[in-house]
Amino acid sequence: MNSANAIYDVLLPVPLPGSFDYFGDPGVIAPNGLVEVPFGKRQLTGLVLAEKTGTTLAHDKIKSIIEPAPLPALDKSFTQFLLWSAHYNMTPPGMMLKMALMGTKLPKLPKNAPETAPPVAHHHTPQLTSQQQDAAAILRTSFAEKQPQPVLLDGVTGSGKTEVYCEAIAACLGAGKQALVLMPEIALTTAMLERFAARFGAQPTVWHSDLKDRQRRINWWAIAKGGAKLIVGARSALFLPYASLGLIVVDEEHEAAYKQEEGVIYHARDMAVARAHHAKIPVILASATPSLESHVNAESGRYRRVVLPDRFGGATMPAIRLIDMRTENLPKTKWLSAPLLDALHQTLAAGEQAMLFLNRRGYAPLTLCRTCGHRLQCPQCSAWFVTHMRTSKLQCHHCGYTTPQPPACPACQTKDHFASCGPGVERIAEEVKTLLPHARSAIMSSDILDSPQAIAGILDQVHGRKLDILIGTQIMAKGYHFPEMTLVGVVDADLGLSGGDPRAAERCYQLLQQVSGRSGRAAKAGRVFLQTYQPQHPVMQALASGRRAEFIAAELNERQTYALPPFRRLAAIILSGANAAEVDQTAAFIVRSAPQDEKLRLLGPAPAPLAMLRGKHRRRLLLIAAKELNLQALLHGWLGAIKIPSAVKLQIDIDPYSFY
C-alpha cells in the first residue's frame, strides 16, 4: 500500500446501511467522483462521499479503489440530494445510488451510439396570449434568484400551461443547462414528445421503463455527459446524474402515479422540489387541479402561485350535467343512460367526437357462480379476478396472475353457470356497438395499449377523424388535445369515492375535472355528462357548479377536523410474510413498543385492504404525527430497536398515498 494513500468514504449501490472505507490516491480520487471498487467477489461502481480523517477498521481489512469511473465528478448538490432523500424516505442510501446508476455498475455506452440533434430554445416560439405572457415572465424570473421559490402553475384545462412552461424551458436551454420534464405516465409522454419536438426543433431525450436496454444506456450517457439537453421522463428520471440540470417541471403534479410504492418508496413531486432546492434551480409544478398539499404551500407563501384562469383561443369550459342514475331504471345489463345516449346521437350527427370514461379495465370486475354465489378470486391475492373478453382470460390486476375461466364452479362444480358482474371498458364498448352500430369506436386502456407506439397509433386515429367514440380509462383523461371532442360521458362518476382513502374525494374531483377537460377545447362548445348515484355529494356539486374554491375549503376543513394531511404527517408501516401468525405477532410487538407522545397517534395493526398479496399476508399500521415532530428520527429509534424476524418483511411508507 502506498503511504500517500488516503481513506475514502464510498457509497455503494447495495441495500445496506451506511457507506464503506477504501484506500485511494488523493491525487486521483476526489469527493463526488464515481469509482470502481472491489466488494466481496464483485466489482461495483461507488460514489466517493468524502476523504476520511480516520477509521475504526484495521488497515489490513481495507481494500483499495481500483480506478476512477469514466465520468466527471457528480454535482455536489446531487450527492446531497441522494443522501437527503434516502434519509427522508427511510431507505438505504445505496438504493438511491443504484437508481442513479441503473444498477450496481456503471452502464456501458453501446458502440456506435447515434448523436442526437440538440434542441433550439427559440426554434418555433408560438404567439402567447397576454395571460400566458405574464405567466411566462414570472417563470423566467426564477432563473435570476439565488434560491428559486417553487412555482405552482395553476391553470384550467386547455389554458396552455405547456406553452407557458416551455418558455421557462427555452430560458434554461438558452443558458446551456439541461431541463427535465416529469410526466406521471408513459401514455402522456408519447403525446408530449411531438409538441416538444415542434417547439424546440429536436426530439427530447426520453426516460421511462419501456425503453429497450440499449436505448436506456445511450440516453443515460447522454444525460450524464450533458449531451441531452431536454429530457422527458417518468418519475425515476429525477434520480439520474445530470451534468448541468437547470430546471425541473412536474406536469400534472397532483397525479398519484408520481408515488413509487414498491422497492424504493418515494413521491417524485416532493423529491423534485427537494432536488431543485439542493441544486438551487427553479421547479415548476403544473396542474389544472393542484393537490391540496401544493395548494396549502401556495397559500402559505412557500410556493409562488401563477394562475391561468381562461382557456386558450377563446374556448370555454364545458357545461357539466349530473345524471341521477337512481331515476334512470336501466336494465341490469345496460350502463348508458337515456340522456347520455341522446347526447351521443346528437354528437355523432353533428360530425363531432365523443369520449366515454370508465376507470375500470377489462370486461367485468367480478365473476360469480349463479348457483352458489362463489366469487372467482386470485389464489395469490385477496382480490377478485377481472374478466378480459379480449384475451378470454381472468386476470388479477394486483399480481398479474392470469388463468382461463374454469368450465365449472370450483365450489359447487356447476358447469357453465357464471355471471359477469359490473362493467369494465370492454363491456361499455360492447354496449356501444350494440346501440350505435355505425359508430367507429376504440378502447384506450393500459392493458390494451401496452406500448408508446400503440398509444400513438390510437391518438393518430382520433386526430385523423377515423374514430367517433373513444372509450377508456384514466390514461386518456389528461394531457390530450382533441379539437373535435365535444362530448364526454362518465359512466360511473362515483367509482373513486368508495374505500377508506382519506384523499378519495380530492382524487375523484381531480380525475373527473381532468377528464371533463377533454371536451370543448377548441371552437366548438363542449358538454360533460356525469352518471352518478350520489348527485348531492360535494364532489358532484363542485363539478357541476364550477365552484372549485368552495370544494377545496370544505375538503381542507374536513382534513383539519380529522387531523389528516396537509395538517398532519402520515407514515405507514406495512408488514408481510408467508406465515400470518408470525406477521400478527410482529405487528403486536411493534405496537407494544411504540413511543408514547401526545403528538403521536397509532392506528392498527389491521389487515391491509389487500390482506393477501402475491402469496404474502399483509398487516398495516398508520402513524399520524404533528408536523413539528421529526418523524424519521422517531421511526429510526423505535423500529431500529426491534428485531424483525427474517421471514417478515417490514416496509415504511413516508407520506403514504394509497392504503391497499
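Our subject is the structure listed above.
I will try to describe carefully the structure that is included in this document. Residue numbers restart at each chain and count upward from 1, following the sequence in its written direction. Only residues with pLDDT of at least 70 are given local features in this predicted model, and only at 80 or more are side-chain atom pairs given and counted; all residues enter the totals for whole chains, interfaces and linings. Hydrogens and waters are ignored; side-chain quantities use all the structure's heavy atoms.

Another aspect to go through is the packing of aromatic side chains. Only rings of Phe, Tyr and Trp enter the pairing, Trp through its six-membered ring, and a pair is recorded when the two centres are within 6.5 Å. The plane angle decides the type: under 30 degrees is stacked, over 60 is edge-to-face, the rest tilted. Within the structure shown, the criterion is met by eight aromatic pairs. On the basis of an interplanar angle of 45° and a centroid distance of 6.5 Å, the ring pair of Tyr-165 and Phe-196 is categorised as tilted. With Tyr-165 in helix H4 (residues 161–174) and Phe-196 in helix H5 (residues 186–200), this pair connects stretches of sequence that are 31 residues apart. For each residue, the accessible area found with a 1.4 Å probe, counting protein chains only, is set against the maximum for its type, and the residue is called buried under 20%, exposed over 50%, and partly exposed in between. Using a relative accessible area of 0% as the deciding quantity, one classes Tyr-165 as buried. Ring centres of Phe-385 and Tyr-401 lie 6.0 Å apart, and the angle between their planes is 25°; this geometry places the pair in the stacked category. With Phe-385 in the loop between strand E18 (366–369) and strand E19 (386–388) and Tyr-401 in the loop between strand E20 (393–395) and strand E21 (402–403), this pair connects stretches of sequence that are 16 residues apart. We classify Tyr-401 as partly exposed; its relative accessible area is 32%. Each helix is a run of DSSP H or I of at least 4 residues and each strand a run of E of at least 2, with the numbering of both proceeding from the N terminus.

Here the bond from Pro-565 into Pro-566 is cis, since omega is 10°, no more than 30 degrees from zero. With respect to the secondary-structure elements, Pro-566 resides in the loop between helix H14 (548–561) and strand E27 (569–577). Residue Pro-605 is reached from Gly-604 by a cis peptide bond, and omega for that bond is 10°. With respect to the helices and strands, Pro-605 occurs in strand E28 (residues 600–613). Backbone geometry places Asn-32, a non-glycine residue, at a positive phi of 75°. Within the secondary structure, Asn-32 sits in the loop between strand E2 (20–24) and strand E3 (34–39).

This next bit is on the nonpolar core. Among the nonpolar cores identified, the biggest contains 72 residues, and Leu-180, Trp-220, Leu-238, Ile-248, Leu-635 and Trp-638 are the most heavily contacted of them. Ignoring sequence-local partners within four residues, the contact set of Trp-638 consists of Ile-573, Ile-590, Ser-593, Ala-594, Pro-595, Leu-602 and Leu-623. To qualify as a nonpolar core, a set must consist of buried Ala, Val, Leu, Ile, Met, Phe, Trp, Tyr and Cys residues joined through side-chain atoms within 4.5 Å. Counting residues in hydrophobic clusters, the runner-up holds 36 residues, among them Ala-477, Tyr-480, Leu-512 and Met-540. The criterion used for residue contact is that any of the two residues' heavy atoms lie within 4.5 Å.

Let's shift gears to the side chain of Gln-353. Within the element layout of this structure, Gln-353 appears in strand E17 (residues 353–357). For this analysis, a polar contact is any N or O atom pair within 3.5 Å, provided that within protein one partner can donate a hydrogen and the other can accept it, and provided that sequence-adjacent residues contribute only side-chain to side-chain pairs. Within the local environment of Gln-353, its side chain forms a polar contact with the backbone oxygen of Val-462, the two atoms lying 3.0 Å apart. Engagement of the side chain of Gln-353 in a polar contact is seen with the backbone oxygen of Leu-467, the distance being 2.8 Å. Gln-353 has contacts with Thr-347, Val-462, Arg-465, Leu-467, Asp-468, Glu-484, Met-485, Thr-486 and Leu-487, leaving out every residue within four places of it along the chain.

Once that is clear, we can look at the environment of Cys-378. Tracing the backbone shows Cys-378 in the loop between E18 and E19. The exposure class of Cys-378 is buried, given its relative accessible area of 4%. For the pair Cys-378 and Arg-199, spaced 179 residues apart in sequence, the C-alpha to C-alpha distance is 47 Å. Discounting chain neighbours no more than four positions away, the residues touching Cys-378 are Ala-383, Phe-385, Cys-396, Cys-399 and Tyr-401.

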